[in-house]
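Residue-level listing of the chains:
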Amino acid sequence: MGTRLRIHKLTTKKQASDACAYLVCKQIIDKPSSVLGFATGGTMEPVYKSLVAEYKQRKLSFAESVAFSLDEYVGLAPEHPQSFAYYLQKRLYQHIDIPKQSIYFPKGDIATDDIAQQYQQNLDKYGPIDIQLLGIGVNAHIAFNEPGSDFNSLCRLVQLSTSTLTSNAKYFESNTMQASKGITMGIGSILKAKHIVLLAVGQSKAEAIRDMICNEQSLSCPASALQSHPNVDVLLDKDAASLLS
Ligand code: PGA
């Protein structure tokens, strides 16, 4: 089956994450007023480290850019250490010159259907997103769009799957309650981005990557929705690419 996805098989995790950071740098140099979509998760941590280093070294500026988070845990305030708003603040926003008022994220502690709709309205107002970073779940979710999610879905509240709860338990300390719902950009919201960059590293992602690239599109593999998008870069390390022929 033909796919328009551009697959980049890199050797190490560092090469793959540096390549991801490079694409953000290139975007901001080409268009300082870019609308940026940022993902969270363990995979993205070295990306933001590399991006902040490049920002300092090359004297880049995010002063004219606008940033959107992909998703958030319902129930977690932006100050909560496990919230994605906190993650992006600590790893990226506090190190760069992006204005506070240009940073958008769904507030998990007040997340309702109305808040999700407002988030979509802001995306539509400032968008389309110029570059959207994405990780992938072991169950092939993108953002918190779990298997079964409609490919046209927009921002909304969702129940997290057992697979996602298991994968993300490591980020919650044993004495804190793990969030079980999310507020997320929909697959349809993500597909509106002009350029999508999906980064996957490690053996645990190999099956999801194979299903996304090699199988027909299916609701059971949310990431396969990306096959319909004309401008997607998939950055993989050796392990994540290990089931591709
Ligand atoms: P991870 O999460 O980088 O922590 O594996 C990725 C995702 O769930 O999208």
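Strand order in the open sheet formed by three strands is E4-E8-E7, and the pairing between neighbours is antiparallel. On the outer flanks of this sheet lie strand E4 (71-73) and strand E7 (156-159), each paired with one strand and no other. Looking at each pair of strands side by side, their axes are set apart by 25° on average, direction ignored.

With that settled, consider the side chain of Ser65. In this structure, Ser65 sits in the loop between helix H2 (45-58) and strand E3 (66-69). The buried category is assigned to Ser65, whose relative accessible area is 0%. A distance of 2.8 Å separates a polar side-chain atom of Ser65 from the backbone oxygen of Phe62. The residues touching Ser65, leaving out its near neighbours within four places in the chain, are Ile28, Pro32, Ser33, Ser34, Leu36, Ile98 and Ser102.

In this structure, the largest pocket encloses a volume near 650 Å³. The set of elements that each furnish at least two residues to the lining of the largest pocket consists of E4, helix H3 (84-91) and helix H5 (162-168). Of the residues forming the lining of the largest pocket, the biggest block, five residues, is contributed by H3. Taken together, the residues of the lining of the largest pocket sort by class into 14 nonpolar, 13 polar and six charged. Taken as a whole, the second largest pocket spans an internal volume of roughly 230 Å³. Along the walls of the second largest pocket sit Pro78, Glu79, Ala85, Tyr86, Gln89, Tyr93, Gln94, Ile98, Pro99, Lys100, Ile103 and Phe105, which together make up its complete lining. In terms of residue class, the lining of the second largest pocket is built from eight nonpolar, two polar and two charged.

Bringing the packing of helix H1 (residues 13-30) against H2 into the picture now. Where H1 contacts H2, the axes come no closer than 8 Å and their chain directions differ by 45°. Relative to H2, H1 is oriented oblique. For the pair H1 and H2, the sense of crossing is right-handed. Packed against H1, whose contacting residues are Lys13, Ser17, Asp18, Cys20, Ala21, Tyr22, Val24, Cys25 and Ile29, the element H2 presents Pro46, Val47, Ser50, Leu51, Glu54 and Arg58 at the interface.

Before going further, it helps to examine the packing of aromatic side chains. Applying the stated rule across the entire model yields 12 aromatic pairs. With 5.9 Å between their ring centres and 50° between their planes, Tyr55 and Phe62 make a pair best called tilted. Note on Tyr55: relative accessible area 14%, which makes it buried. Plain terms: the ring middles of Phe68 and Tyr119 are 5.7 Å apart, the flat faces sit at 65° to each other, and that makes the pair edge-to-face. Residue Phe68 is located in strand E3, and its partner Tyr119 is located in helix H4 (residues 113-126); the two are separated by 51 residues in the primary sequence. Each member of the pair Phe68 and Tyr119 is classed as buried. The ring of Tyr87 carries the charged tip of Arg91 above its face, separated from the ring centre by 4.2 Å.

About the thresholds
Residues numbered from 1 in each chain as written. Predicted model: local features only at pLDDT ≥ 70, side-chain atom pairs only at ≥ 80, totals over all residues. Heavy atoms only, no water. Pairing = 2+ DSSP bridges. Helix = DSSP H or I, 4+ residues; strand = E, 2+ residues; numbered from the N terminus. Axes fitted to C-alpha atoms, helices over the stretch in contact; angles between N-to-C directions. Buried < 20%, exposed > 50% of the residue type's maximum accessible area, 1.4 Å probe, protein only. Polar contact = N/O pair within 3.5 Å; in protein donor to acceptor, adjacent residues only side chain to side chain. Contact = heavy atoms within 4.5 Å. 1 Å grid on protein atoms, 1.4 Å probe; cavity = no way out; pocket = protein on both sides within 12 Å on 5 of 7 lines; lining within 4 Å. Points joined across faces, edges and corners; volume = space filled by probe spheres on them. Nonpolar A, V, L, I, M, F, W, Y, C, P; charged D, E, K, R; others polar. Parallel < 35°, antiparallel > 145°, perpendicular 65-115°, else oblique. Left-handed = near helix turned anticlockwise from the far one by under 90°. Phe/Tyr/Trp six-rings, centres within 6.5 Å; stacked < 30°, edge-to-face > 60°. Lys NZ or Arg CZ within 6 Å of the ring centre and 35° of its normal.

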